[in-house]
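Spelled out from the first residue to the last, the chains are:
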Amino acid sequence: MSLLGLGQLERALFGAADVLRGKMDVSQYRDVISGMLVLKRASEQPGFLHLPERAGWSHIVGYKGKALGHVLNEALWELERSNRDVLKGVFEALDFDRRLGRAELSTLVDHFDHIPLSDDDLEFSDVVGRAYDTILSALAESAGKRGGEFFTPRSVVRLMVRLVRPQEGQSVYDPFAGSGGMLIQARQYIEEHGGEGANLALFGQEVNGATWSTARLNLLLHGITDGSVLCGDTLADPLHSLEDGHLRRFDCVLTNPPFSMNYSEKEVRYPERMKYGWTPGKGKKADLMNVQHVLATLRPDGIGAVVTPHGVLFRGGAEAEIRRGIVEDARLEAVIGVGPNVFHGTAIPACILVLRGTNGTPADQRGQVLFINAEREVVTGRSQNRLEPQNVEKIVGAFREWAEIPGFSRVVSLNEIAANDFNLNIRRYVDAGPPAEPPLDIRAALSGGVPRSEVDAEAEKFHVFGIGLAGLFAPQGSDYLDFLSEGCEATAARIPELAAVRERDFINHCSAWWEGMESHIAELAGSGKLLMLRPRLMASFREELLPEGILDRYQLAGVFAAWWSDRHDDLRSLDHRGFFGVIDRWAAADGRRSSLPETLAHERVLEVLGDDLRSRMERLVAAERQELVDVYRSWGDRYATSLTDLERQSEDTAARLSARLEALGYTGSA
């Protein structure tokens, strides 16, 4: 029997949402689906929760004599009573009797009755949690601004986790926990790197009761029952404290606080957190107060990442003084802009501040701040932009390497920041806009030709594709070049042909690299160790192809990261179930049984995975080649027709018109 995969379970949960459509507000779907999912999972997966008889699924589907809503409510009450440490207060707002009628409840129970949820029926044990996360994302998108209050896009969460790199045995804290995604991803990061996720201590706090319930359920459905997520206002009253009354401190803090909130200074407990000052309580300027809470809860050698609106980077008054203190104390390691319309419910751009404990930034970075302008590192979506794996890879790579990349990242000295009055506006330090065109060469515009200096500045891009200047221009003295007699457009159209040999060699090199890796992948198939090969594979891929010059290190890492992410479940299946496990999941996704002999599974899986990587490389290289065409055409737009040419064309046109008029009998004396 085929195992239930992520896509199939996601479709089943969206099917449950369809049952609810029109019966209640979309914002209420979450509670109903959560309750049904937990009841069914608890009944089918031993050890998930302690299961009293009246909470069992068989008791629910076999109800007699009572309203179905009452039976479901009773099941949840019994389940909570038997698992108070995990479920206390979580389903407080859910009342099936009040939400739905008998017909809808019966349809909903029947729908979940056909969804198998034991680990033995699932492709991976985390499928339930991941599918639930997908539902939360969809509900956040439909909820508009309210969605941003409980759900941070998972691509942003993964980026933040990779920036702080939690380690096994550490503690991770999210003071504005939302749906718990930061904590879940932190544990998954440990497991993906070969560690034991259970050895990561998780702490969180959330002020909204419904969102707190969602976070608790999200952790539970991801198999996390030992996290401490408390309900309360973090800024006013942080709840994670030690026996001596001091606030608990953590190795890593990851959080996305609500933007632009008011607060009351008189209500703030532990005022010593606000070491660098107080912003006005009114005017929706609590953002830097939340940042100071993060700083106050970091261990001396801790690291944090916090999402903020851009206003915290440049607003004056008290906020400027707070920024000054944070920067001068070496508590700010990096400022990363992630572009507009990435977060649910707001189109404004946001940024991520990477912060350090009282020990400050690493010694070799002291007195500097890294600025990354990633506003162009997003993929434009219909209703919302998104960070893709290749975008995340470039940001993380620049951060870890402390790299300076023109138009993307720059290391800025404390002296320069101070000279700018501690204004941290990212564009002040890194302009991500396209480079300005060189000034128009007046001589070329008047008399024709293309300035050799402009061509030389772009020549290397053509050279790596095997295209020399002789194939594009005719010489015209030492400082200028002429377009070929065939014309600019005809030459531009030939560029793909001129690049074809070099392009084919590069793609063949990529294929040769894959063939060399196939044996390593095959050796680890079914071993449970394949996924840990990712860093080595990426490094090898980049080092092998970088000398070719066609793609840079970040493009190579990005295309590999995107391939690995999209193929992650295939690779997981290969890691745990071998080659035939992958064939089986492909067949199940198409709604059929596999007919491929097991002896051919090895060859077929490696072929599909390799072809996918190759096709991604082909698309990226084709885009780079198209840039050459665009550059050449831009020279044509600027210089293909000179003023001298226009004057000659005007004189020729006037002469033809005069001759035509004369032939028709018109003369100048008439």
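This is a predicted model, so every value here is computed, not measured. (Residues numbered from 1 in each chain as written. Predicted model: local features only at pLDDT ≥ 70, side-chain atom pairs only at ≥ 80, totals over all residues. Heavy atoms only, no water.)

Novice: Which parts of the structure should I look at to understand the sheet that holds strand β7 (residues 350-356)?
Specialist: Picture the strands of a sheet paired through backbone hydrogen bonds; they go either parallel or antiparallel. Strand order in the open sheet formed by 9 strands is β3-β2-β1-β4-β5-β7-β6-β8-β9, with mixed pairing between adjacent strands. The outermost strands of the open sheet, each flanked by one partner alone, are β3 (228-231) and β9 (409-413). Between one strand axis and the next, the sheet turns by 15° as a mean value, whatever way the strands run. Of the strands in this sheet, β1 (171-174), β2 (201-206), β3 and β4 (250-255) are in contact with helix α10 (residues 181-192), which crosses β1 at around 160°. Together, β1, β4, β5 (298-309) and β7 form the strand contacts of helix α12 (residues 287-296), whose direction differs from that of β5 by roughly 160°. (Pairing = 2+ DSSP bridges. Helix = DSSP H or I, 4+ residues; strand = E, 2+ residues; numbered from the N terminus. Axes fitted to C-alpha atoms, helices over the stretch in contact; angles between N-to-C directions. Contact = heavy atoms within 4.5 Å.)

Novice: Can you walk me through helix α9 (residues 154-164) in this structure?
Specialist: Count 3.6 residues to each turn of an α-helix, and residues three or four apart come out pointing the same way. Taken across its 11 residues, α9 has 10 buried, putting it largely inside the fold. Among the residues of α9, those classed as buried are R154, S155, V156, V157, L159, M160, V161, R162, L163 and V164. One or two positions beyond α9, positive phi appears at R165, with a value near 50°. (Buried < 20%, exposed > 50% of the residue type's maximum accessible area, 1.4 Å probe, protein only.)

Novice: Hey, could you run me through empty space enclosed by the protein in this one?
Specialist: Over the atoms rolls a probe the size of a water molecule, and its path tells where empty space is left. One pass over the full model with this rule turns up 1 cavity of 30 Å³ or more. In this structure, the largest cavity spans a volume of roughly 80 Å³. Around the largest cavity, the lining residues are L288, V291, V312, L313, R323, I326, V327, L332, L353, L355 and L424. Among the secondary structure elements, those contributing two or more residues to the lining of the largest cavity are α12, α13 (311-314), α14 (318-328) and β7. The element contributing the most residues to the lining of the largest cavity is α14, with 3 residues. Split by residue class, the lining of the largest cavity holds 10 nonpolar, no polar and 1 charged. (1 Å grid on protein atoms, 1.4 Å probe; cavity = no way out; pocket = protein on both sides within 12 Å on 5 of 7 lines; lining within 4 Å. Points joined across faces, edges and corners; volume = space filled by probe spheres on them. Nonpolar A, V, L, I, M, F, W, Y, C, P; charged D, E, K, R; others polar.)

Novice: Honestly, the nonpolar core in this entry has me stumped. Any pointers?
Specialist: F473, F506, F541, M617, Y632 and W635 are the most contacted members of the largest nonpolar core, which totals 59 residues. Contributions of two or more residues to this core are made by α19 (452-463), β12 (480-483), α20 (488-524), α21 (534-545), α22 (553-566), α23 (568-589) and α24 (598-639). The residues touching Y632, leaving out its near neighbours within four places in the chain, are L472, F473, F483, C488, T491, A492 and I495. Residues L72, A75, L94 and L108 belong to the second largest nonpolar core, which totals 56 residues. (Core = buried A, V, L, I, M, F, W, Y, C linked by side-chain atoms within 4.5 Å.)

Novice: Would you explain the sheet that holds strand β11 (residues 473-476) in this entry?
Specialist: Pairing is antiparallel in the open sheet, where 3 strands are placed in the order β10-β12-β11. Two strands bound the open sheet, and with one partner strand each, they are β10 (450-451) and β11.

Novice: Just to check I follow, could you spell out the packing of helix α1 (residues 6-20) against helix α2 (residues 29-44) for this structure?
Specialist: Geometrically, a packed helix pair is captured by the angle between its two axes and the distance between the axes. Running from amino to carboxyl end, α1 crosses α2 at an angle of 125°, the nearest separation of the two axes being 10 Å. Classified by the angle between their axes, α1 and α2 sit oblique to one another. The two elements α1 and α2 cross, and the hand of that crossing is right-handed. Of the residues in α2, those touching α1 at L13, A16, A17 and L20 are Y29, V32, I33 and L37. For the contact of α1 with α2, a count of residues per class yields 8 nonpolar, no polar and no charged. (Parallel < 35°, antiparallel > 145°, perpendicular 65-115°, else oblique. Left-handed = near helix turned anticlockwise from the far one by under 90°.)

Novice: It is not clear to me how the layout of surface pockets should be interpreted in this structure. Could you clarify?
Specialist: The calculated volume of the second largest pocket comes to roughly 1,800 Å³. In terms of lining residues, the second largest pocket is bounded by 47 residues, among which R376, D552, Q555, E624 and E627 are the most central. With 12 residues, α24 is the largest single contributor of residues to the lining of the second largest pocket. In the lining of the second largest pocket, the residues fall into 22 nonpolar, 9 polar and 16 charged.

Novice: How should the side chain of R616 be read in this particular structure?
Specialist: Its place among the elements puts R616 in helix α24. Here the side chain of R616 touches D566 through a polar contact of 2.9 Å, side chain to side chain. With near-sequence residues (within four places) excluded, R616 lies in contact with V559, A562, W563 and D566. (Polar contact = N/O pair within 3.5 Å; in protein donor to acceptor, adjacent residues only side chain to side chain.)

Novice: I would appreciate a short explanation of a negative patch on the surface in the present structure.
Specialist: Side chains of E168, E191, E192 and E196 sit close together on the surface and give a patch of like negative charge. Considering the arrangement of structural elements, one finds E168 in the loop between α9 and β1. (Patch = residues over 30% accessible without salt bridge, like charges linked within 9 Å, V, L, I, M, F, W, Y side chains within 5 Å. Areas by Shrake-Rupley, 256 points an atom, 1.4 Å probe, with all protein chains shown as cover. Salt bridge = Lys/Arg side-chain N within 4 Å of Asp/Glu carboxyl O. Lys, Arg positive; Asp, Glu negative; His and termini not counted. Charge placed at Lys NZ, Arg CZ, Asp CG, Glu CD.)

Novice: For this particular structure, what's the right way to read the packing of aromatic side chains?
Specialist: Each aromatic ring pair is characterised by the separation of its centres together with the angle its planes make. Overall, the coordinates contain 19 aromatic pairs when judged by the stated rule. Directly above the ring of F48 sits R41, whose terminal nitrogen or CZ lies 5.5 Å from the centroid. Lying over the aromatic face of F408, K394 brings its terminal NZ or CZ to 4.4 Å of the ring centre. (Phe/Tyr/Trp six-rings, centres within 6.5 Å; stacked < 30°, edge-to-face > 60°. Lys NZ or Arg CZ within 6 Å of the ring centre and 35° of its normal.)

Novice: Any chance you could explain a nonpolar patch on the surface here in plain terms?
Specialist: On the surface, L657, L661, L664 and Y666 cluster together to form a nonpolar patch covering roughly 420 Å² of accessible area. One can find Y666 in the segment after α25 (643-663).

Novice: Just to check I follow, could you spell out the pattern of salt bridges for this structure?
Specialist: Charged atoms that come close allow side chains of opposite charge to pair. Counted under the stated rule, the structure contains 43 salt bridges. The closest approach of N and O atoms between R502 and E548, which form a salt bridge, is 2.8 Å. Placement of the pair is R502 in helix α20 and E548 in the loop between α21 and α22, with a sequence separation of 46 residues. A network of salt bridges, in which partner residues are shared, links E123, D126, R130, D566, R567, D569, D570, R572, R585, D612 and R616.

Novice: Sorry if this is basic, but what is going on with the environment of E627 here?
Specialist: With respect to the secondary-structure elements, E627 resides in helix α24. The class of E627 is partly exposed, set by a relative accessible area of 42%. As for E627 and K461, which are separated by 166 residues in sequence, their C-alpha atoms are 9.2 Å apart.

Novice: Looking at this structure, I do not really get the pairing of β11. What am I missing?
Specialist: The two faces of the sheet receive side chains in turn, since in a regular strand these alternate between them. Alignment of β11 against β12, held across 4 bridges, turns out to be antiparallel. Its bridge partner lying in β12, A474 is registered against D482. Linking β11 to β12, which pair antiparallel, is a turn of 3 residues; within it G477 sits at a positive phi near 75°.

Novice: Sorry if this is basic, but what is going on with helix α4 (residues 68-82) here?
Specialist: Between its first and last C-alpha, α4 extends 21 Å over 15 residues, near the 21 Å set by a 1.5 Å rise per residue. Counting buried residues in α4 gives 11 out of 15 residues, a clear majority hidden from the surface. The complete set of buried residues in α4 reads L68, G69, V71, L72, N73, E74, A75, L76, E78, L79 and E80. Turning to α4, the residues buried within the fold contact α2, α3 (57-61), α5 (84-87), α6 (96-99) and α7 (102-113). (Expected span 1.5 Å × (residues − 1).)

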